[in-house]
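Take a look at the letters that make up each chain.
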Amino acid sequence: MGILLFITVLLIAACGLIYELVAGTLASYLLGDSVLQFSTIIGCYLFAMGIGSALSRYIDRGLAYRFVWIELLLGVVGGFSSALLFLAFAYSQGFQFLMYALVIVIGVLVGLEIPLLMRIIRDRYHFRDVVAHVLTFDYLGALGASLLFPILLVPHLGLVRSAMLFGILNAAVALWSTFIFANQMARTAVLRTFCVIVIAALCTGLAQAKRITQAAEDNIYADEIIFARDTHYQHIVLTRFKDDIRLFLNSHLQFSSRDEYRYHEALIHPGLSAIAAPRRVLVLGGGDGLAVREILKYPQVESVTLVDLDPEMTRLFSTNAMLTGLNQKSFLSPKVHVINGDAFPWVDSNTDSFDFIVIDFPDPTNYSLGKLYTTTFYKAVARHLSEQGLMVVQSTSPMFARDSYWCIAETIKQSGMLTYPYHVYVPSFGEWGFVLAGHHEYKPPTTFPAGLRFVDVKGLSAMFQFPPDMAPLSMAPNRLNDQVLVHLYDQDWKDISH
Amino acid sequence: MKSEPRIAGGFVNDSFQQGHMLRDRAAFPAPKRVEKTKVVIVGGGIAGLSAAWRLQKRGFHDFVLLEMCDQAGGNSRWGENEITAYPWAAHYVPVPGRKAVFVRELFEDLGVLKDGKWEERYLCFTPQERLFLYGRWQEGIEPAVGLKQRDRDQFRRLEEEIHAYRGTGKFTVPMDVGFTEESADLDRISFADWLRERWMDSNILNWYMNYCCRDDYGATTDQTSAWAGIQYFASREPDEKGPLTWPEGNGWIVRRLLERVGGFVRTGQLVHRIVQGRSGVNVFSGDARYDADFVIFAAPTFLAPYLIEGMAPLRSFEYSPWLTANLTLDRIPANYGADPTWDSVFMDSPTLGYVDATHQTLRTHIERTVWTFYWALVDGSPSQNRRLLLSKDWGYWKEAILHDLERVHPDIRQCVSRIDIMRMGHAMARPTVGSIFSPERRSMKEMRGRILFANSDLSGFSIFEEAQYRGVVAAEHALRRLSGSRATG
């Protein structure tokens, strides 16, 4: 009996500390600056425990009964805290608020535990033994938890499942307390039923949580993974190292927040600034909203239509505070219309006309994506260009995939447009290429919107110069029925990785 | 037993009931009404529809087309579900060469050929074909991996022979253009014997030759005339980029033709009697009698003796029984790393593999699809196989199909939710030894009477271009004779 009691103390101490560590680690992952996160979370937590201890004096009856309820509540709130925080981070602006609220609730409940327990068992032992034993096991539990957490739990279970596992322990403590203190409480049957329900819910969560944490176990990403999701269409991963946020789609880097402005300014401004009064803009791909951010720098633009396959992607970049910080809430602008659909059929069936069309798809790594780099596709897109319209195509690297780059340029030319290839240097990508195209001669712009960090009038002409190692190659166009580009691309990247 | 999802489906488009009524000379009601029209086209497959297309294009409108089934199209019929349209049989047309004048004209009409260029969205997207052999996929159907020197030599020698035949200009599409008595010797031996005479005995080469004959002719090389075997390879350019295809296969062409001539087409009209007189032809169908100057008989020719009064039985027309199935896949099976491909064939399978109906789509993301599975029953005699087709229930064929696919896609049962099966007792004419140059066939091509035969089986084998050619030629012939009779009368 005695040892069971003190194991209970050990377990509840461990649970409390685990929830605190989970919150601190999660905040460091997601928000960076771990010193600040851990300090504020430990501070809040200890303070909340003090509140809990203070509140314990107002509980005078049914101590054991209430103790069980507190354990159960802790199991639920603590157990689901990590999963809840991950979801909140992905889909809401209120991550920090929720995090501190959870820390305070857990702290208050943990603060109630030990005083109540000491009062429950005070008649069984001398007072000095109660204090000595309870506090000894309390600190032992804390030591165990703090060692288990970094060595076993985080590497093998991940944050979501660790919290759930300890939630289950909390609920288990509640369940066996109904047996240990059976003579000190009424309605044990009801309590036990609730305990079983909570344990079952947490076990289900534990089984499902694998999907959330699976990606975090991939070790291909150099930095901390702060978000990972298998959507219907692709595998989205966000990583963060200090202030550098990177987006990977199916393991391919899409941008690094440190230098994406170079890519997106170069994608948009050489073309869009060359159009006298651009009113309607179409973006194909670009579900991160960063190209749209650049487009919205033109007050004349009245509407931006963005067609991206993946609703999860555009939703993520419309709701997540960190990501809307990057795209300056571009998707929330009333000018922007997001259409989640397959770009090729949309382009083929829609009849609207646009002054500027941005084609920003992932590289042609397979035959499906390769369809979006064919003569048939560019012909279909060209029908949407207004009289003065221009289109720009993200065209992979003229340096690392030189054949592919010039194949894309040739494909656009063969679809009946004048082409103006150019390139820029983006540190996280290397030398990167684009192709501007239209039915008329391109006249380089003489002004750009204020506040650009990379594109300017002086540097513009250099972008259109290709040094000998990236100079034009004569390539066959990419057609739906041969897709030479997919083979070229494959070969190009094989050549540099061996 | 491992639990597996329930697979729905059944037999569809069965037409043997009507066929057996004709065969058994069932009693049909006497006609209640008489319709006068200059031309009656019997049969709404590619030959019949092409005849209608030609008549209408020439400004001639005094005709009707009678189709036995509820849907026109014949071997080019198609189906559609919530995922995609899909073919029931013929699913492509090789890029037509210069000599296929009528096909090129049709494709210009349909916007498939523009200013001498083929519309890219109708050319089969890449990757086109793959073969499963030795537990893996290879691109293309002609075996290219695991060949020994001997195999390579034989493939090369065959290629040289074919190249020489191609150079003679005697093997053409349509076949009539290059048809000459000089090739008659090739029709006297089987393709298998022809290969044997040339010491082409490589197993892998023979597998491929057999596959080609089963695919285009529904016959093995033993059952195929050497002329037809050579025609298969020598009539086409080796470097053509194609074929032309659509999600619903050649059903797309049928749809476009119906947009133009649908007003002349009457479906669900079983013609049960045709009587040829001195001044015209009477066609009996349902409760009507059509009094016509000419009949274009575009239905399968084997039906003719059962319909045409006084016609002698045919001797040189043999047909292959086929089975096709459309499988609805709620998810895409694992592919062993190969990209989803249009046509997938399995080495050493009795079947012909399957074609993916969503391959020819502009979409980049496919979650569900329909596969059209092809199976020409070639082992044993056609009549035995027709009995087999009719005697076995849907569950038997479903299992046979899944069994075949399972070797290549072990997870197929978890992916398929529906299998609809179409049984065709007389799917296509077989170019058997002696059939191509048979006097019977050649006399029927001459169109002497008022019944003008137009089915592709007059060529000896069933391909789109032959059907279209025969339909157009019969229409031209009818127009010529009609204007001639008007001029003289």
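Residues numbered from 1 in each chain as written. Chains lettered and ligands numbered in written order. Predicted model: local features only at pLDDT ≥ 70, side-chain atom pairs only at ≥ 80, totals over all residues.

1. Let's talk about the overall build of chain B
Next, step 1: Each helix and strand in chain B was counted, giving 15 helices and 23 strands.
Next, step 2: For 489 residues, the compact-globule estimate of 2.2 N^0.38 gives 23 Å, and the C-alpha radius of gyration of chain B, at 23 Å, lies within 12% of that figure.
Next, step 3: Each of the three principal axes of chain B carries a C-alpha extent, and together these read 70 × 55 × 50 Å.
Next, step 4: Evaluated residue by residue, chain B yields a buried proportion of 48% over its 489 residues.
Next, step 5: Within chain B, contacts between residues at least 6 apart in sequence are counted, and of these 76% link residues at least 24 apart. (Helix = DSSP H or I, 4+ residues; strand = E, 2+ residues; numbered from the N terminus. Rg over C-alpha atoms; globule rule 2.2 N^0.38 Å. Buried ≥ 20, exposed ≤ 12 C-beta atoms within 10 Å, placed from the backbone. Contact = placed C-beta atoms within 7 Å.)

2. Notes on the domain arrangement of chain A
All names here are of chain A.
Next, step 1: Domains assigned within chain A are domain 1 (2-210) and domain 2 (257-497).
Next, step 2: Taken together, the contacts link 6 residues of domain 1 with 4 residues of domain 2.
Next, step 3: If you tally residues by element for the side of domain 1 that touches domain 2, the top one is helix H3 (residues 63-91), at 3 residues. (Domains from an automatic or database assignment.)

3. Observations regarding the interface of chain A and chain B
Next, step 1: The interface of chain A with chain B comprises 19 residues on the first partner and 13 residues on the second.
Next, step 2: Breaking the side of chain A that touches chain B down by element, the ones donating at least two residues are helix H12 (343-349), helix H13 (367-370) and helix H14 (375-382) of chain A.
Next, step 3: A class-by-class count of the residues in the side of chain A that touches chain B yields 8 nonpolar, 6 polar and 5 charged. (Nonpolar A, V, L, I, M, F, W, Y, C, P; charged D, E, K, R; others polar.)

4. As for the nonpolar core
Next, step 1: Core analysis: the biggest nonpolar cluster contains 150 residues, and Ile18, Ile295 and Val358 of chain A have the highest contact counts within it.
Next, step 2: Summarising the domain contributions, this core has at least three residues from each of domain 1 (2-210) and domain 2 (257-497) of chain A.
Next, step 3: Residues in contact with isoleucine 295 of chain A, not counting those within four places in the same chain, are Ile268, Leu272, Val281, Val301 and Val304 of chain A.
Next, step 4: The next biggest cluster of nonpolar side chains, apart from the first, holds 139 residues, and it includes Tyr86, Leu303, Ala357 and Val473 of chain B. (Core = buried A, V, L, I, M, F, W, Y, C linked by C-beta atoms within 7 Å.)

5. Thoughts on the packing of helix H1 (residues 2-31) of chain A against helix H5 (residues 127-156) of chain A
All names here are of chain A.
Next, step 1: Direction vectors running N to C along H1 and H5 enclose 45 degrees, while the axes themselves pass 7 Å from each other. Classified by the angle between their axes, H1 and H5 sit oblique to one another. Crossing of H1 against H5: the hand is right-handed. For the pair H1 and H5, the contacting residues are Phe6, Val9, Leu10, Leu11, Ala13, Ala14, Leu17, Ile18, Leu21 and Thr25 in the first and His133, Val134, Phe137, Asp138, Leu140, Gly141, Ala142, Gly144, Ala145, Ser146, Phe149 and Val154 in the second.
Next, step 2: In terms of residue class, the contact of H1 with H5 is built from 16 nonpolar, 5 polar and 1 charged. (Axes fitted to C-alpha atoms, helices over the stretch in contact; angles between N-to-C directions. Parallel < 35°, antiparallel > 145°, perpendicular 65-115°, else oblique. Left-handed = near helix turned anticlockwise from the far one by under 90°.)

6. Topic: the sheet that holds strand S10 (residues 418-426) of chain A
Strand pairing within a sheet occurs via backbone hydrogen bonds; the two strands may be parallel or antiparallel.
Residue and element names in this part refer to chain A.
Next, step 1: Reading across the sheet, the 7 strands line up as S7-S6-S5-S8-S9-S11-S10 and stay open at both edges, with mixed pairing between neighbours. The open sheet has two edge strands, strand S7 (336-340) and S10, and neither has a second partner. In this sheet, adjacent strand axes meet at a mean angle of 15 degrees when their direction is disregarded.
Next, step 2: Pairing analysis gives 5 bridges linking strand S9 (residues 385-394) to strand S11 (residues 430-438), with the strands arranged antiparallel. Across the sheet, residue glutamine 394 finds its bridge partner in S11, namely phenylalanine 434. (Pairing = 2+ DSSP bridges.)

7. Quick notes on the pairing of S11 of chain A
Residue and element names in this part refer to chain A.
Next, step 1: When you tally the buried positions in S11, you get 7 out of 9 residues, the bulk of the element.
Next, step 2: Sheet topology places S10 next to S11; 9 bridges connect them, and they run antiparallel. By the bridge assignment for S11, histidine 423 is matched with glycine 433.
Next, step 3: Connecting S10 to the next strand, S11, in antiparallel fashion are 3 residues.

8. Remarks on the sheet that holds strand S14 (residues 271-276) of chain B
Residues and elements named next belong to chain B.
Next, step 1: Spatially, the 4 strands line up as an open sheet ordered S2-S16-S15-S14, and their pairing is mixed. Sheet topology places strand S2 (33-36) and S14 at the edges, where each strand pairs with a single neighbour. Going from strand to strand, the sheet's axes swing by 20 degrees on average, the running direction of each strand aside.
Next, step 2: Where S14 lies against strand S15 (residues 281-285), 5 bridges are found, and the strand directions are antiparallel. Among the inter-strand pairings, arginine 273 is bridged to a residue of S15, identified as phenylalanine 284.

9. Points about unusual backbone geometry
Among all residues save glycine, negative phi is the norm, and among peptide bonds the norm is trans.
Next, step 1: A cis amide bond, omega -5 degrees, links threonine 126 of chain B with the succeeding residue proline 127 of chain B.
Next, step 2: Along the chain, proline 127 of chain B turns up in the loop between strand S9 (117-118) and strand S10 (129-133).
Next, step 3: Put simply, valine 173 of chain B and proline 174 of chain B share a cis peptide bond, and its omega is 0 degrees.
Next, step 4: Mapped onto the elements, proline 174 of chain B comes out in the loop between helix H4 (149-168) and helix H5 (175-178).
Next, step 5: Despite not being glycine, lysine 329 of chain A has its phi angle at roughly 55 degrees, a positive value.
Next, step 6: Its place among the elements puts lysine 329 of chain A in the loop between helix H11 (321-326) and S7.
Next, step 7: With phi around 50 degrees, arginine 25 of chain B is a residue other than glycine that occupies positive phi space.
Next, step 8: Structurally, arginine 25 of chain B is set in the loop between helix H1 (16-23) and S2.

10. Some remarks on the environment of alanine 382 of chain A
Residues and elements named next belong to chain A.
Next, step 1: Looking at the secondary structure, you find alanine 382 in helix H14.
Next, step 2: For alanine 382, a count of 19 C-beta atoms within 10 Å gives the class partly exposed.
Next, step 3: Other than its neighbours up to four places away in sequence, alanine 382 contacts Ser415, Gly416 and Met417.

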